[in-house]
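A closer look at the structure
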Amino acid sequence: MKPIHIKKEAFGPAMAKAMETYAVAGPVPDREDAKRRHLFRCLEKGETPDLEYTATQLSPKALLFPQAETMFRFKVPSGGKKAPFLEAESFKERPLAVVGIRPYDARAFDMLTLNFDSKDYKDPFFLKRCHQMVRVGLADTTLKDTNFSTACGTGPFDTTALDILLAKTEDAYIGTVITAKGKSFAAAAGFEAGSAEDTKALARMKQEAESRMRPGPDFSALADADTLDLHGEDHWARLAFSCINCGSCTFSCPTCWCFDIQDEVTGNDGVRLRLWDTCMTDLYSAHASGHNPRQERFKRFRNRFMHKLKYFPDKYGQGIMCVGCGRCIDNCPVGIDIRTIIGEMNAKAAGAAKAAGTAKTGGTDKATEAAS
Amino acid sequence: MTNPYHPYPVTIRDIRTETEDKSLKTFTFVFDSPEDESAFDFTCGQFAMLSVQGVGEIPIGIASSPTEKPEVKFTVFNTGKVTSHLHRMKAGDAMGIRGPLGNGFPMDRLAGKNILIIGGGFAFTTLRSFIESARQPENRHRFKNIDVVYGARTPGMLLYRDELAAWEKSGDINVHITVDATDDQDWPYHTGFVPAVTERCAPASDGNTLAIVCGPPIMIKFTRPVLRDLGYRDEDILMSLENRMKCGIGMCGRCNIGRELVCHDGPVFTLAELNGTPGEF
Ligand SMILES: Cc1cc2nc3c(=O)[nH]c(=O)nc-3n(C[C@H](O)[C@H](O)[C@H](O)COP(=O)(O)OP(=O)(O)OC[C@H]3O[C@@H](n4cnc5c(N)ncnc54)[C@H](O)[C@@H]3O)c2cc1C
Ligand code: SF4
Ligand code: SF4
Ligand code: FES
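Reading guide: rules and limits
Residues numbered from 1 in each chain as written. Chains lettered and ligands numbered in written order. Predicted model: local features only at pLDDT ≥ 70, side-chain atom pairs only at ≥ 80, totals over all residues. Heavy atoms only, no water. Helix = DSSP H or I, 4+ residues; strand = E, 2+ residues; numbered from the N terminus. Rg over C-alpha atoms; globule rule 2.2 N^0.38 Å. Buried < 20%, exposed > 50% of the residue type's maximum accessible area, 1.4 Å probe, protein only. Contact = heavy atoms within 4.5 Å. Areas by Shrake-Rupley, 256 points an atom, 1.4 Å probe, with all protein chains shown as cover. Lys, Arg positive; Asp, Glu negative; His and termini not counted. Charge placed at Lys NZ, Arg CZ, Asp CG, Glu CD. Buried area = accessible area lost by both parts, 1.4 Å probe. Salt bridge = Lys/Arg side-chain N within 4 Å of Asp/Glu carboxyl O. Polar contact = N/O pair within 3.5 Å; in protein donor to acceptor, adjacent residues only side chain to side chain. Near = heavy atom within 4 Å. Nonpolar A, V, L, I, M, F, W, Y, C, P; charged D, E, K, R; others polar. 1 Å grid on protein atoms, 1.4 Å probe; cavity = no way out; pocket = protein on both sides within 12 Å on 5 of 7 lines; lining within 4 Å. Points joined across faces, edges and corners; volume = space filled by probe spheres on them. Sits in = over half its atoms within 2 Å of the grid points. Arc of directions from axis to C-beta.

Before going further, it helps to spend a moment on the overall build of chain B. Looking only at helices and strands, chain B has 10 helices and 15 strands in total. Rg of the C-alpha trace for chain B: 18 Å, near the compact-globule value of 19 Å for 281 residues, within the 12% margin. Dimensions of chain B, computed from the C-alpha atoms along their principal axes, are close to 50 × 45 × 35 Å. Counting the 281 residues in chain B, one finds 59% classified as buried. Put simply, 70% of the contacts in chain B that link residues at least 6 apart link residues at least 24 apart. Surface exposure of chain B reaches about 11,000 Å², of which carbon and sulfur atoms provide 49%. Computed over 29 positive and 36 negative side-chain charges, the separation of the two mean positions in chain B equals 3 Å.

Right under this line is the structure:
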């Protein structure tokens, strides 16, 4: 891990230099948003990632997994004539460096990768981008109070999913180069080496940021809880009562990846697209027969939380499918808070574990009695 | 990296209307390239995406047996956007097939066993694939007795009618055909619902029999207690599910039942496996 130190006035020129080698994406004010909130997108020549931003409403997942992606092109067949299927152009994209990504959002990329890189099938679009991407993170020193990323095993300074970590000080960006990919990027951008002072400052900032965070929810009892018990609890209809199944939570979430597949045709030319989808709508799971295993709204709500907090951890053994970014809490129109849901689920699981524990101890006591 | 969303180009060789109400047609396809044809290496019980450029793609069970290659067959019920478009297509038309997908029937587990096949309505398609394959002289010795209970609403709604008659005549499998009702005085087969006919005709399990059950939820619901009374354990009952699907390769998330993805971990599960899921199918 090598310290770096970039004076703020040197950052723009460094990015211009990096763009000679890399395509660069980063946070910039959204031209189409009246409030000029920031979003992540690929930058044009002359643009610089705005590292003074605080938060983005949408996560940066679109850089790897665009909201609409062409999977292949085709000609519409007519009159019994052959019409070929043609590859999409996206394979020609240049390696992308995302600069200014929050460390916990980068961790979310690793969770998405578990889905798109399975034993039997590889998603070529996601994986090619993911393998080429350089992740230059920006520590979160302007944490919202909905953020509970440390409780999710990552945090505002987490380096585990980054190639470079930067943090903002008064007059400079200080940080550390973590991987070989990061080293190449730092060289291409001409980042200056830092000192032991910078390393110390970074550690101090990390500690300060984390100590300011509110305690996160406790989900310690979920891992060992029985899946069918959690699914069968009687609290789901109550927890889901105000949810209008709008899907804002899934769209803004960095770890949600569901997609739909649709064809779009103009004249004789067509594309098959994949589009972000949300498990919150009824058509999502409706069978062709009209039967729907998740017809009632609360069942869709339950599926989202069970997937994040139980099915995913059970399947991959790598913790929950949530990095605690807080976006679903900020964006929910009816104020549903995943921390509350986690709390309720965990309380039920802990209660069940305690009851089972008592039963077991009771059993042992009897066994001891019988033996004596 | 290959693109798993890319279909193989195919041509429709033949279209056959199966039922009196014309709602079911069987499509026979041939692959445009021999490499694609050999890459499409499937087992009974798998499905594929039928892909019409500009309209969309849908999961359909493979109705033909691997022994019928190079042709592949699918029987499609006319219900929505893609299926109604398919029903308007003609022999010679070009389209695409993506697959094979899913796990298929566990052929290793089925080997050496008595097999009881129970089908209702148009969920009979992949069962035809299995029966057609198992009947072949090179395969028949791999299985002990094969019993087939198959029912439809009326005689005119039975799929593959010529074949059913031929199977019965050949005597290498026991066929129990039934319809809910008919006014045909000379109807030579059973009348009554599938669960009732199963109760009357199906062999009890000797612990060495596997049941494969495919049909509408209501048929499955009433067949379960019958099978239990006949001594079938939940581990020995196989079912094929039809959850809504998009990608078919375990990526899009759509077909989940708890942590299982029906397109990839299924569509064939034992009843015992399904008992361990949240049951959202
Ligand atoms: C593994 C598997 C195997 C299958 N095997 C077979 C098979 O062998 N044969 C077969 O025929 N089918 C099979 N199916 C079912 C088949 O996939 C569906 O019938 C097919 O996908 C329907 O596609 P569609 O575009 O024609 O219908 P869609 O247009 O998707 O419509 C499907 C149904 O939903 C309703 N619907 C559509 N849009 C809306 C809306 N906006 N609001 C309300 N309702 C709506 C329609 O009325 C229709 O009844 C299988 C499914 C699976 C998962
Ligand atoms: S954002 Fe809130 S209301 Fe909308 S689907 Fe999610 S939980 Fe429900
Ligand atoms: S579930 Fe909510 S808090 Fe967790 S990663 Fe998704 S948007 Fe962020
Ligand atoms: S259909 Fe996409 S995951 Fe099963």
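More follows now that the structure is in view.
A separate point is the interface of chain A and chain B. Contacts between the two partners involve 51 residues from chain A, matched on the other side by 50 residues from chain B. Interface area, chain A with chain B, both sides summed: about 4,100 Å², of which 54% is carbon and sulfur. Counting across the interface, chain A meets chain B through 6 salt bridges. A salt bridge links D260(A) to K246(B); the shortest N-O distance between them is 3.0 Å. For the pair chain A and chain B, the number of links is 25 residue pairs in polar contact (both at pLDDT 80 or more).

Here we take up the site of ligand 1. The immediate surroundings of ligand 1 are formed by 22 residues, with P59(B), T75(B), F77(B), V82(B) and T83(B) found nearest. In this structure ligand 1 sits where residues from chains A and B come together. Note that a nitrogen atom of ligand 1 is positioned 3.0 Å from one of the backbone N or O atoms of G61(B). In isolation ligand 1 has 970 Å² of accessible area, and contact with the protein removes 71% of it. Elements that contribute at least two residues to the shell around ligand 1 include exactly β4 (56-61), β5 (72-77) and α2 (81-88) of chain B. The dominant element in the shell around ligand 1, judged by the number of residues it contributes, is β4(B), at 4 residues. Considering only residue class, the shell around ligand 1 consists of 12 nonpolar, 7 polar and 3 charged.

Let us now look at empty space enclosed by the protein. The full count for this structure, using the stated rule, is 4 cavities of 30 Å³ or more. By volume, the largest cavity amounts to about 250 Å³. Contributing to the lining of the largest cavity are 25 residues, with W257(A), H307(A), M321(A), G253(B) and N256(B) lying nearest its centre. With 8 residues, helix α9 (residues 297-316) of chain A is the largest single contributor of residues to the lining of the largest cavity. Across the lining of the largest cavity, the residue classes tally to 10 nonpolar, 10 polar and 5 charged. In terms of lining, the second largest cavity is formed by 18 residues, of which the most central are C243(A), C249(A), M280(A), C332(A) and I336(A). Elements that contribute at least two residues to the lining of the second largest cavity include exactly α8 (248-252) and α9 of chain A. Counting residues per element, the lining of the second largest cavity draws most heavily on α9(A), at 3 residues. Grouping the constituent residues of the lining of the second largest cavity by class yields 13 nonpolar, 3 polar and 2 charged.

Turning our attention to the site of ligand 2. Residue and element names in this part refer to chain A. Around ligand 2 lies a shell formed by C243, I244, N245, C246, G247, S248, C249, M280, C332, P333, V334 and I336. The site holding ligand 2 turns out to be the second largest cavity. Its residues assigned to classes, the shell around ligand 2 comprises 9 nonpolar, 3 polar and no charged.

Glancing now at helix α4 (residues 180-189) of chain A. Residues and elements named next belong to chain A. Residues of α4 that are buried include every one of G182, F185, A186, A188 and A189, and no others. The buried residues of α4 occupy an angular sector of 160° when the element is viewed end-on, so they sit on one face. Residues of α4 that are exposed and angled more than 90 degrees away from the buried face: A180, K183 and A187. Where α4 is buried, its residues contact α1 (8-18), β6 (96-101), β7 (134-138), β8 (164-168) and β9 (172-177). Of the residues flanking the end of α4, it is G190, one or two places downstream, whose phi is positive at about 70°.

So, on to the side chain of R102(A). Tracing the backbone through its elements, the reader meets R102(A) in the loop between β6 and α2 (103-116). Among residues more than four places away in sequence, those in contact with R102(A) are Y53(A), T54(A), L138(A), A139(A), D140(A) and T142(A).

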